Amino acid sequence: MTLADTQPQALNFECETGNYHTFCPISCVAWLYQKIEDSFFLVIGTKTCGYFLQNAMGVMIFAEPRYAMAELEEGDISAQLNDYEELKRLCTQIKRDRNPSVIVWIGTCTTEIIKMDLEGLAPKLEAELGIPIVTARANGLDYAFTQGEDTVLAAMVQRCPDKPVGEVEKEERNSISKLLNFGRKKEEVAVTESEYAKHTPLVLFGSLPDPVVTQLTLELKKQGIKVSGWLPSKRYTELPVIEEGYFVSGINPFLSRTATTLMRRRKTKLIGAPFPIGPDGTRAWIEKLCSALGVEPTGLAEREAQIWESVEDYVKLLRGKSVFFMGDNLLEISLARFLIRCGMTCPEIGIPYMDKRYQAAELELLSKTCREMGVPTPTIVEKPDNYNQIQRIYAQDIDLVITGMAHANPLEARGINTKWSVEFTFAQIHGFTNARDVLELVTRPLRRNNSLK
Ligand code: SF4
């Protein structure tokens, strides 16, 4: 069987010019520094990168964030200054002032073009300063928005320990079980442990807010599945142990490099599943994990039905309407699939980059959903052209356009409802319980316009 045979045939893929709006991938520092509490992110770039971060991150910049810009000057670019000495000076200062457990260097367009050898400098400086330095090339030349997180996590995969550690450290690393067992006695913890099925250890990857991590971990616990660790964890010092043969699964559609690194470098087995966005996606995700780990899933159909019932008031507003994704954050396929299940039609899904292998299960669920809902399958437009898309939006009379801030107000002024796409990246959208939050976001412009009538 060739690879092409495994792709869902019904979907239509196109590729345009890549002339579209999105956030620069360096924006990932904004959520990653909050997630990894003992980290410090140093973006090595120019004032352009600084202006972007300062504006895009809004009020966060007043909260003494643990990220900074190393602004390159004329001298750096013309190689009159010594890169190593400059970075050493800055990192020494960061170590002195903030004392982080890891410094993450974010390479930018400029460091690429002047070929600054960050990967070569990092190990030397790491040894000299005695603090881990992780390098990620999250630049606008190669990647879009959320792919920034992918480059950082792929670099961190290499830092996860590969052997079971001593009891004390094991305790420390296993922060999820600490969280779940908080306040319990030792005997009670032993009872809880016996509730899990016997299966190969499972590590999940993707950065999510802690409450969502707890929700998804508990959701799997109900099925007897134990999550051995999350990449990233709350602290750099608690990165999960990853041994050869472990199962891994991604919770976001933009983590294909991390998945590849986990498979190739750490010899883990990837469970390719749809992503836990929307009640349909969450159920499919859990079922896929269960079948890979040899566990019989229970009560999922009822759980899904119960969630659908609780969001019926929102779904009512969406049924029969059309949605158009201009595409800028790679969550588009999963969101479109969920909205089609809500009864919407979707003529086009724009997406910056489409990894058909990593997203295979999600694409399959998308075409299955279209079949079951009796709607035409969307055209998936990789590297879209925003100008062309606007013409298509006008031509098709779309009810809701999911797009960036650049086009939102101009489209609203022309009588077209829009939803700002970036909010999906920062809101809690994973798992059964957050399905309502996704619909709250999607229906907001429709509800607002109804109340203005
Ligand atoms: S696209 Fe390049 S130059 Fe622009 S902010 Fe991103 S890294 Fe900096």
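Above this text sits the structure in question.
First things first, this report covers the structure right here in the doc. (Residues numbered from 1 in each chain as written. Predicted model: local features only at pLDDT ≥ 70, side-chain atom pairs only at ≥ 80, totals over all residues. Heavy atoms only, no water.)

Here we come to the overall build of the chain. Counting its secondary structure elements, the chain contains 21 helices and 14 strands. For the chain, the C-alpha radius of gyration of 23 Å lies close to 22 Å, the compact-globule estimate for 453 residues. Summarising its shape, the C-alpha atoms of the chain cover approximately 60 × 60 × 50 Å along the three principal directions. Sorting the 453 residues of the chain into buried and exposed places 54% on the buried side. Counting only carbon and sulfur atoms, one obtains 51% of the accessible surface of the chain, whose full area is about 20,200 Å². Here the chain holds 52 positive side-chain charges and 59 negative ones, and the gap between their average locations is 3 Å. (Helix = DSSP H or I, 4+ residues; strand = E, 2+ residues; numbered from the N terminus. Rg over C-alpha atoms; globule rule 2.2 N^0.38 Å. Buried < 20%, exposed > 50% of the residue type's maximum accessible area, 1.4 Å probe, protein only. Areas by Shrake-Rupley, 256 points an atom, 1.4 Å probe, with all protein chains shown as cover. Lys, Arg positive; Asp, Glu negative; His and termini not counted. Charge placed at Lys NZ, Arg CZ, Asp CG, Glu CD.)

So, about the packing of helix H7 (residues 147-157) against helix H12 (residues 256-264). Two numbers describe how H7 lies on H12: the axes approach to 7 Å, and their chain directions differ by 15°. Between H7 and H12, the crossing angle belongs to the class labelled roughly parallel. Read as a crossing pair, H7 and H12 show a hand that is right-handed. Residues Asp 150, Thr 151, Leu 153, Ala 154 and Val 157 of H7 form the contact with H12, whose own contacting residues are Ser 256, Arg 257, Thr 258, Thr 261 and Leu 262. By residue class, the composition of the contact of H7 with H12 is 4 nonpolar, 4 polar and 2 charged. (Axes fitted to C-alpha atoms, helices over the stretch in contact; angles between N-to-C directions. Parallel < 35°, antiparallel > 145°, perpendicular 65-115°, else oblique. Left-handed = near helix turned anticlockwise from the far one by under 90°. Contact = heavy atoms within 4.5 Å. Nonpolar A, V, L, I, M, F, W, Y, C, P; charged D, E, K, R; others polar.)

Right, let's talk about helix H18 (residues 386-396) for a bit. All of the buried residues along H18 are Asn 386, Gln 389, Ile 390 and Ile 393. One face of H18 carries all of its buried residues, which in axial projection span an arc of 105°. Among the exposed residues of H18, those oriented more than 90 degrees off its buried face are Tyr 387 and Ala 395. The inward-facing, buried residues of H18 contact strand S10 (322-325), strand S11 (345-351), strand S13 (400-403) and helix H19 (405-413). Between the side-chain oxygen at the start of H18 and the backbone nitrogen of Tyr 387 there is a gap of 2.9 Å, and the oxygen is on Asp 385. Within two residues after H18, Asp 397 carries a phi angle of roughly 55°, on the positive side. (Arc of directions from axis to C-beta. Polar contact = N/O pair within 3.5 Å; in protein donor to acceptor, adjacent residues only side chain to side chain.)

Under the criterion given, the structure shown has 29 salt bridges. A salt bridge links Glu 128 to Lys 88, with the nearest nitrogen and oxygen atoms 2.6 Å apart. Within this pair, whereas Glu 128 is found in helix H6 (residues 118-129), its partner Lys 88 is found in helix H4 (residues 83-98), the two being separated by 40 residues in sequence. Owing to a relative accessible area of 42%, Glu 128 belongs among the partly exposed residues under this scheme. Its salt-bridge partner being Lys 222, residue Glu 219 comes within 3.3 Å of it at the nearest N-O pair. Highlighted residues: Glu 219 and Lys 222, both in helix H11 (residues 210-222), separated by 3 residues, approximately one helical turn. Of the residues examined, Lys 222 reaches a relative accessible area of 55% and is grouped as exposed. Each of Lys 35, Glu 37, Asp 210 and Lys 234 takes part in one network of salt bridges that share partners. (Salt bridge = Lys/Arg side-chain N within 4 Å of Asp/Glu carboxyl O.)

The ligand sits among Cys 24, Ile 26, Cys 49, Thr 108, Cys 109 and Gly 140. For the shell around the ligand, a count of residues per class yields 4 nonpolar, 2 polar and no charged. (Near = heavy atom within 4 Å.)

Here the focus is H4. Taking 1.5 Å as the rise per residue, H4 with 16 residues should run 22 Å; its terminal C-alpha atoms sit 22 Å apart, in good agreement. If you check which residues of H4 are buried, you get Tyr 84, Leu 87, Cys 91 and Ile 94. Relative to the axis of H4, the buried residues are bounded by an arc of 95° and lie together on one face. On its buried face, H4 sits against strand S2 (39-45), strand S4 (102-107) and H6. Capping the start of H4 is the job of one residue whose side-chain oxygen sits 2.9 Å from the backbone nitrogen of Tyr 84: Asn 82. Phi turns positive, to about 45°, at Asn 99, one or two residues after H4. (Expected span 1.5 Å × (residues − 1).)

Roughly 510 Å³ of internal volume is contained in the second largest pocket. Every element with two or more residues in the lining of the second largest pocket is listed here: helix H1 (28-35) and helix H20 (422-426). Residues that form the lining of the second largest pocket fall into these classes: 16 nonpolar, 7 polar and 4 charged. (1 Å grid on protein atoms, 1.4 Å probe; cavity = no way out; pocket = protein on both sides within 12 Å on 5 of 7 lines; lining within 4 Å. Points joined across faces, edges and corners; volume = space filled by probe spheres on them.)

In short, the description is geometric, and any link to function would need to be established separately.
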